[in-house]
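So the chains spell out like this:
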There are 2 protein chains.
Amino acid sequence: MTRFGILGFGLHAVRRLMPGFARAHNCQVSALSRRDMAKARASAAEYKIPLAFDSASDLCRSPEVDAVLVTTPNACHLQDVLLAIDAGKPVLCEKPMGMNAAECRQMVEAGGKAGVLLGVAQVFRFEDSTARLRARVANGEIGRPIFARSEFSYPGRNHARAWLTSAALSGGGPVADVGVHCIDALKYILDDEVVRVSARGFSDQDSREVEAAAVLSLEFSHGTLGMVAVSTRAEYRTPLEIVGETGVLRADDGLNVERPISLQLRRGGNVVESELVSNQYAYARQVDMFADAVEGKAQFPVSGEAGWQNQEILDAAYHSMKSGRTEDVIQVAASKSR
Amino acid sequence: MTRFGILGFGLHAVRRLMPGFARAHNCQVSALSRRDMAKARASAAEYKIPLAFDSASDLCRSPEVDAVLVTTPNACHLQDVLLAIDAGKPVLCEKPMGMNAAECRQMVEAGGKAGVLLGVAQVFRFEDSTARLRARVANGEIGRPIFARSEFSYPGRNHARAWLTSAALSGGGPVADVGVHCIDALKYILDDEVVRVSARGFSDQDSREVEAAAVLSLEFSHGTLGMVAVSTRAEYRTPLEIVGETGVLRADDGLNVERPISLQLRRGGNVVESELVSNQYAYARQVDMFADAVEGKAQFPVSGEAGWQNQEILDAAYHSMKSGRTEDVIQVAASKSR
C-alpha cells in the first residue's frame, strides 16, 4: 500500500484526485500540503488525511510519505519535483509537466541521476475511451488514419483556478492546460509521435496574459494530420474523432471522466456499430499504476521523458503562435513509454 | 427563360448540373461542348440538348446561347471565361475559379471592362444547410462563434475525373477541389472573411502531383478560428460544426446534396433541438439565380470578386504548405457579395 503525499491540495485534488484515491486499490493519501497551514489542516480534516503541511519540503521528507503527487500551479512543478527527488521519493507530476522543455529536462535528469521514479499524470492514458480507440485503430477497423481530431473546451471565464490566466504561474492558457491532454490522447490512440506543429490562437480581456482559444495542426510521423482545438470560451466538450481510409471512429465526449461515452464506428456516413465505455476509473488507475511502479510491480506508462516530449510539442505550439511558422518538434530520446 | 451553354460537358455536368437544370424554373440548357465532336453529339442526344459543339468559341458565339456555364478542367477556366466575355455572354464559372488569383483578377477585370456578368458556381451558397446555419449563428443561438469546422473527403483514388491529380490541369488537389467549398461555406455561415491561413498536407503515390489530404487553419476577421480538413483518402463525408460560446451547431453531412441533413443544436453535450433540411435544390437554385441575374431581376450572390477572394485564400494555403508559414490573405476590394 503506497502512501501518497499531495503537494498543492487545491481544486484539482478535491474534484479529481480524491475521488480517484477513493476507488484505488493499491494506495492511499497520507499527507497534503497547502501554502496556508490553517487551510492545510482544514483540508486534511475534511478529507481524513493524517498529515497536513505548509512546507513542500517537510511533506517530501516525511517518513509517512512513500510517493509525492505534485499538483501545484505549473510554475512550481520544477522546484516541487526536485524537492521530492532530493528526498528520494518517487514523484508523479501533474500535466503540463513544466513551464517549458528545459524545466522538464532538468526534472528528468535529476530523477535519472538520483535513480528516483518520475512519472507524469497524463490521466487520459488510463481511460477506457482512449484505450479502446487505440486498440480499434491498431486493429485496422478504419484503415490507415488520415485525420485525428481532439477538442477540449470548458468555460474558463472567472475560473476558480485563478492562476490559469497568469502566464507566470501557468506557462500558457488552454493549449498548456488541456491541449496537452488532446495531444497526448491523439499520440496514444495513433501510437505515433508529433513531428511538426502549427498553432493559431486569440486572447481577449478575460484571458488576461494567455490565449482564450487556439487551433493546432499536428503532423504525425506516419503521415496522419491532427487537429486540436482548445478554448476556455465554450461549454465543456471533449470530442475525439479518427478518420481513416475506410471508416471513422468518433466519441462526442471522448475524454470526459464523468458520464458514459458512446464510441461510434461510422461507415458511409452511418453509425454501423457503437460501444459504451466509461472513464470513471481513470484517476484511480493512474495512482494505482504509479503505486505498482513504486513497488516495482510494473512500469508506469507515462515516463518523465514522455512528459518532456509533450512539453516539446507545447513549446513548439507556443513558438508557432508567435512566429507564424510551422515548427519542428524536438524528439526526446526514449520518450516512448507506452 | 435563359438558355445556358455548358462548356466542358463532363462528369460534373452529368451528375450535378443536369439534375439541377431539370429542377430549374427559369432556365434550360441549349448547347454543350466537348473536345470530341462525336462525344459531344452523343451527350447532346442523351440529354436532349439541341446544340453540340467541339469548339468553346463557337458555343459562346451561338445566338442560341444566352449564358455560358464553364465546367472545363480548372486550367481552362481563364480562356473559357474570356471567350464568353469576348462574346458578350454572361458567364458562370465553376469553382475553383482559376489556377491562381492572377487568373481570377484577369477574368474580373475583363468582365468589368466589357460590362459582362461574371459569377462563380459556389453551389453551397444555395443550400438550405448553409443558409440555416448562417441564420441561426446570426440569431445568436450559440453566442459568439469560437471555432468553425468544415471537412470534405471523398474516395479519390483512380477517380473518373482523372485531371484532378494533374497539377497542370487542376491547380491543386482536394484543397482546390473541395477545400474551396469548405472555406466558402464557413465564410458564408459566419458572414466573415478569412484574413490568415496555414496549411499542411501530404501526398502519396496515387495523388501524383497534388496533395492527398490537408488540414487548414483559418483566422477570420472577427476572431473565429476555422479548421478545414480535406482528402481524397476517406469515404464521402462533409461534416460542419460551429462551436459558440453558449452552444454548438452541427451537421454531420452538412454539405451533401443528396440526402436529408439533421442540423443539431447542442448545449451541454446534449442535442437540444434538431431540424431536418435538404440541399436537393442547390444546383437548381444556382442556375435559376444566375438566370435571374442575366435577366436583371436579381443580383447573383457569388460575384467574380468573391470567387477571386476564395482563390486568394487557396493561393495562401498552397503557399503556406510550401513555406511552412501562416500566410496573410490578400483582401480583394468589393469581394463581399452576399
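Since the model is a prediction, treat every value here as computed from it, not as a measurement. (Residues numbered from 1 in each chain as written. Chains lettered and ligands numbered in written order. Predicted model: local features only at pLDDT ≥ 70, side-chain atom pairs only at ≥ 80, totals over all residues. Heavy atoms only, no water.)

Draft legend 1. Highlighting helix α9 (residues 282–294) of chain B. Residue and element names in this part refer to chain B. The end-to-end C-alpha distance of α9, which contains 13 residues, comes to 18 Å, matching closely the 18 Å that a straight helix rising 1.5 Å per residue would cover. Residues Ala-282, Tyr-283, Ala-284, Gln-286, Val-287, Asp-288, Phe-290, Ala-291 and Ala-293 constitute the buried set of α9. Structurally, α9 contributes buried residues whose contacts are with β1 (2–7), α1 (11–23), β2 (27–33), β4 (67–70), β5 (91–94) and β6 (118–121). Following α9 by one or two positions, Gly-296 adopts a phi angle in the positive range, close to 75°. (Helix = DSSP H or I, 4+ residues; strand = E, 2+ residues; numbered from the N terminus. Expected span 1.5 Å × (residues − 1). Buried < 20%, exposed > 50% of the residue type's maximum accessible area, 1.4 Å probe, protein only. Contact = heavy atoms within 4.5 Å.)

Draft legend 2. Structural context of the interface of chain A and chain B. Listed by partner, the interface residues are 48 residues for chain A and 48 residues for chain B. With both sides pooled, the region where chain A packs onto chain B buries about 3,800 Å², and carbon together with sulfur makes up 48% of that total. A per-residue breakdown of the area chain A buries against chain B is headed by A:Arg200, A:Met227 and A:Glu235, which together make up 16% of the total. Where chain A meets chain B, there are 14 salt bridges. When the shortest N-O distance is used, the salt bridge between B:Arg149 and A:Glu151 registers 3.9 Å. Taken together, chain A and chain B are joined by 17 residue pairs in polar contact (both at pLDDT 80 or more). Where the side of chain A that touches chain B is concerned, the elements lending two or more residues are β7 (145–155), β8 (194–202), β9 (213–220), β10 (225–231), β11 (233–237), β12 (240–244), β13 (248–251) and β14 (261–267) of chain A. Sort the elements by how many residues they give to the side of chain A that touches chain B and β10(A) lands first, with six residues. (Buried area = accessible area lost by both parts, 1.4 Å probe. Salt bridge = Lys/Arg side-chain N within 4 Å of Asp/Glu carboxyl O. Polar contact = N/O pair within 3.5 Å; in protein donor to acceptor, adjacent residues only side chain to side chain.)

Draft legend 3. Region of the structure containing unusual backbone geometry. Residue and element names in this part refer to chain A. Here Lys-95 and Pro-96 are connected by a cis peptide whose omega angle stands at -15°. By secondary structure assignment, the location of Pro-96 is in the loop between β5 (91–94) and α5 (101–114). Although it is not a glycine, Asp-191 adopts a positive phi angle of roughly 55°. With respect to the helices and strands, Asp-191 occurs in the loop between α8 (174–190) and β8.

Draft legend 4. Representation of the pairing of β12(A). Residues and elements named next belong to chain A. Of all the five residues making up β12, five are buried; the element is thus mostly covered by neighbouring parts of the structure. Of the two faces of β12, the one holding Leu-240, Ile-242 and Gly-244 and the one holding Glu-241 and Val-243 are both buried throughout. The pairing of β7 with β12 spans five bridges and is antiparallel. Paired with Ala-148 across the two strands is Ile-242, which belongs to β12. The pairing of β12 with β13 spans four bridges and is antiparallel. Counted as the bridge partner of Glu-241 is Arg-250 from β13. Where β12 folds back onto β13 in an antiparallel hairpin, the turn is made up of three residues. (Pairing = 2+ DSSP bridges.)

Draft legend 5. Expanded view of the pattern of salt bridges. Under the counting rule described, the total for this entry stands at 64 salt bridges over all chains. Residue A:Arg3 pairs with A:Asp66 through a salt bridge whose shortest N-O separation is 3.0 Å. Of the two residues, A:Arg3 sits in strand β1 (residues 2–7) while A:Asp66 sits in the loop between α3 (56–61) and β4 (67–70), which places them 63 residues apart along the sequence. The partner of B:Arg3 in a salt bridge is B:Glu64, and the shortest N-O contact between them spans 3.4 Å. Of the two residues, B:Arg3 sits in strand β1 while B:Glu64 sits in the loop between α3 (56–61) and β4, which places them 61 residues apart along the sequence. Given the relative accessible area of 38%, B:Glu64 is considered partly exposed.

Draft legend 6. Summary view of helix α5 (residues 101–114) of chain B. Residue and element names in this part refer to chain B. With 14 residues, α5 should reach 20 Å at 1.5 Å per residue; the first-to-last C-alpha distance of 20 Å fits that figure. Within α5 the residues assigned to the buried category are Ala-101, Glu-103, Cys-104, Met-107, Val-108 and Gly-111. Viewed end-on, α5 has its buried residues packed into an arc of 160°, placing them on one side of the element. Projecting away from the buried face of α5 at angles above 90 degrees are the exposed residues Ala-102 and Lys-113. Along its buried surface, α5 packs onto α4 (77–86), β6 and α10 (304–323). The N-capping residue of α5, defined by a side-chain oxygen 3.1 Å from the backbone nitrogen of Ala-102, is Asn-100. Just past α5, the residue Gly-115 takes up positive phi, approximately 65°. (Arc of directions from axis to C-beta.)

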